[in-house]
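Structure at a glance
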Amino acid sequence: MSIKSDSRHLYLQVIDYLKQDIEAGVYQENEKFPSEFDLAKKLGVSRATLREALRILEEENIIIRRHGVGTFVNPKPRFTSGIEQLKSVTSMIEEAGMKPGTIFLSLTAQEPTEEDIRRFSCSPDERIVIIERVRTANGEPVIYCVDKIPESILSENFDRNDESLFDILERDANRKITYAVAEIEPIGYHEKVSPILKCSPEAALLVLKQMHLDDWDQPILYSVNYFKANMFSFHVLRKRV
């Protein structure tokens, strides 16, 4: 059935039509779309119009196009969170009704870099504990984490059985994180992280970098988290001023 023309551009109509089909289950998660020729013919539009619609759908992370293979429906994000809400990874996974897990990859204490000294306002003699982990949801790897904490706050001997660094810091170091300064950016294939998270070469990642601080505005924890972009959705509430 061809789409019906209205006052909007055709590619916008195609986008809405395909979204409705995905929502209605005509195309299931991870299912391959028909070829561009067949889909354009079905919708009664040119291939150029279809390609523009598919480009936008890919930018919205609704579909993924694999060169030489085809176009597939991306799974809906399983985890959603407001970027203005400071939650631990453990909480995000639990709120999605899944069981959090942790795979420890490495734990070391090193001399601070110049960037560490600036971030933590520490001395060059202050060692930094670096924790490299993979967080899992129901056993599936979903986030690759690198966390940095001054050794004076948390030693290397903390209990690794506790899933949440927030809880560890509050219990063992009596330091409660109350807010964070964050930046988030999308990236493509990452040579180290993508294989660890079992991502396909075409799958995108979301990188969340955060400096966590306590009630006294003291920096406690710097984290860099790589999220599977097709499984996580972050949003922000913006108010007019």
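An unreviewed UniProt entry annotates the protein chain as GntR family transcriptional regulator originating from Peribacillus simplex.

So, about the packing of helix α2 (residues 36-43) against helix α3 (residues 47-59). Two quantities define a packed helix pair, namely the angle between the axes and the distance from one axis to the other. In contact at an axis separation of 9 Å, α2 and α3 are set at 105° when each is read in the N-to-C sense. One element, α2, and the other, α3, form an angle in the roughly perpendicular class. Contacts from Glu 36, Phe 37, Leu 39, Ala 40 and Leu 43 in α2 reach Arg 47, Leu 50, Arg 51 and Leu 54 in α3. Of the residues that constitute the contact of α2 with α3, the class distribution is six nonpolar, no polar and three charged.

Next up on the list: the pattern of salt bridges. By the definition in use, this model includes 17 salt bridges. With its nearest N and O atoms 3.0 Å apart, the salt bridge here joins Glu 60 to Lys 19. Of this pair, Glu 60 sits in the loop between α3 and β1 (63-66) while Lys 19 sits in helix α1 (residues 10-24), placing them 41 residues apart in sequence. The partly exposed category is assigned to Glu 60, whose relative accessible area is 40%. The partly exposed category is assigned to Lys 19, whose relative accessible area is 32%. Here Glu 151 makes a salt bridge to Arg 127, at a shortest N to O gap of 3.3 Å. Taken as a pair, Glu 151 in the loop between β6 (140-150) and α6 (165-172) and Arg 127 in the loop between α5 (114-120) and β5 (128-137) lie far apart in primary sequence, 24 residues in all.

With that settled, consider α3. The first and last C-alpha atoms of α3 sit 18 Å apart over 13 residues, in line with the 18 Å expected at 1.5 Å per residue. Those residues of α3 that sit buried are Thr 49, Leu 50, Ala 53, Leu 54, Ile 56 and Leu 57. An end-on view of α3 places all buried positions within 160° of arc, on one side of the element. Opposite its buried face, α3 presents the exposed residues Ala 48 and Glu 59, each directed more than 90 degrees away. In this structure, the buried residues of α3 make contact with α1, α2 and β1.

Moving on: α1. Between its first and last C-alpha, α1 extends 21 Å over 15 residues, near the 21 Å set by a 1.5 Å rise per residue. Listed as buried for α1 are Gln 13, Val 14, Ile 15, Tyr 17, Leu 18, Asp 21 and Ile 22. Buried residues along α1 sit in contact with α2, α3, β1 and β2 (70-73). Positive phi shows up at Gly 25, right after α1, with a value of about 85°.

This part takes up the side chain of Asp 147. For Asp 147, the location among the structural elements is in strand β6. Take Asp 147: its relative accessible area is 3%, and that puts it in the buried class. Engagement of the side chain of Asp 147 in a polar contact is seen with the side chain of Arg 133, the distance being 3.2 Å. For Asp 147, the contacting residues outside a window of four places in its chain are Val 129, Ile 130, Ile 131, Arg 133, Leu 165, Leu 221, Tyr 222, Ser 223 and Asn 225.

For any pair of aromatic rings, the description rests on two quantities: the centre-to-centre distance and the angle between the ring planes. Throughout the structure, instances matching the rule amount to two aromatic pairs. Aromatic side chains Tyr 27 and Phe 33 sit 4.6 Å apart centroid to centroid with 50° between the ring planes, which places their arrangement in the tilted category. The exposure class of Tyr 27 is buried, given its relative accessible area of 7%. Note on Phe 33: relative accessible area 4%, which makes it buried. Between Tyr 144 and Tyr 226, the aromatic rings sit 5.7 Å apart at their centres with planes inclined by 55°, giving tilted as the arrangement. Of this pair, Tyr 144 sits in strand β6 while Tyr 226 sits in strand β9 (residues 219-228), and the two are 82 residues apart along the sequence. No difference in accessibility class separates Tyr 144 from Tyr 226, as the two residues are buried. Across the ring face of Phe 72, the terminal group of Arg 66 is positioned such that the distance to the ring centre comes to 4.7 Å. For the cation-ring pair, Arg 119 lies above Tyr 222, with the distance from its terminal atom to the ring centre recorded as 3.7 Å.

What counts, and where the lines are drawn
- Residues numbered from 1 in each chain as written.
- Predicted model: local features only at pLDDT ≥ 70, side-chain atom pairs only at ≥ 80, totals over all residues.
- Heavy atoms only, no water.
- Axes fitted to C-alpha atoms, helices over the stretch in contact; angles between N-to-C directions.
- Helix = DSSP H or I, 4+ residues; strand = E, 2+ residues; numbered from the N terminus.
- Parallel < 35°, antiparallel > 145°, perpendicular 65-115°, else oblique.
- Contact = heavy atoms within 4.5 Å.
- Nonpolar A, V, L, I, M, F, W, Y, C, P; charged D, E, K, R; others polar.
- Salt bridge = Lys/Arg side-chain N within 4 Å of Asp/Glu carboxyl O.
- Buried < 20%, exposed > 50% of the residue type's maximum accessible area, 1.4 Å probe, protein only.
- Expected span 1.5 Å × (residues − 1).
- Arc of directions from axis to C-beta.
- Polar contact = N/O pair within 3.5 Å; in protein donor to acceptor, adjacent residues only side chain to side chain.
- Phe/Tyr/Trp six-rings, centres within 6.5 Å; stacked < 30°, edge-to-face > 60°.
- Lys NZ or Arg CZ within 6 Å of the ring centre and 35° of its normal.

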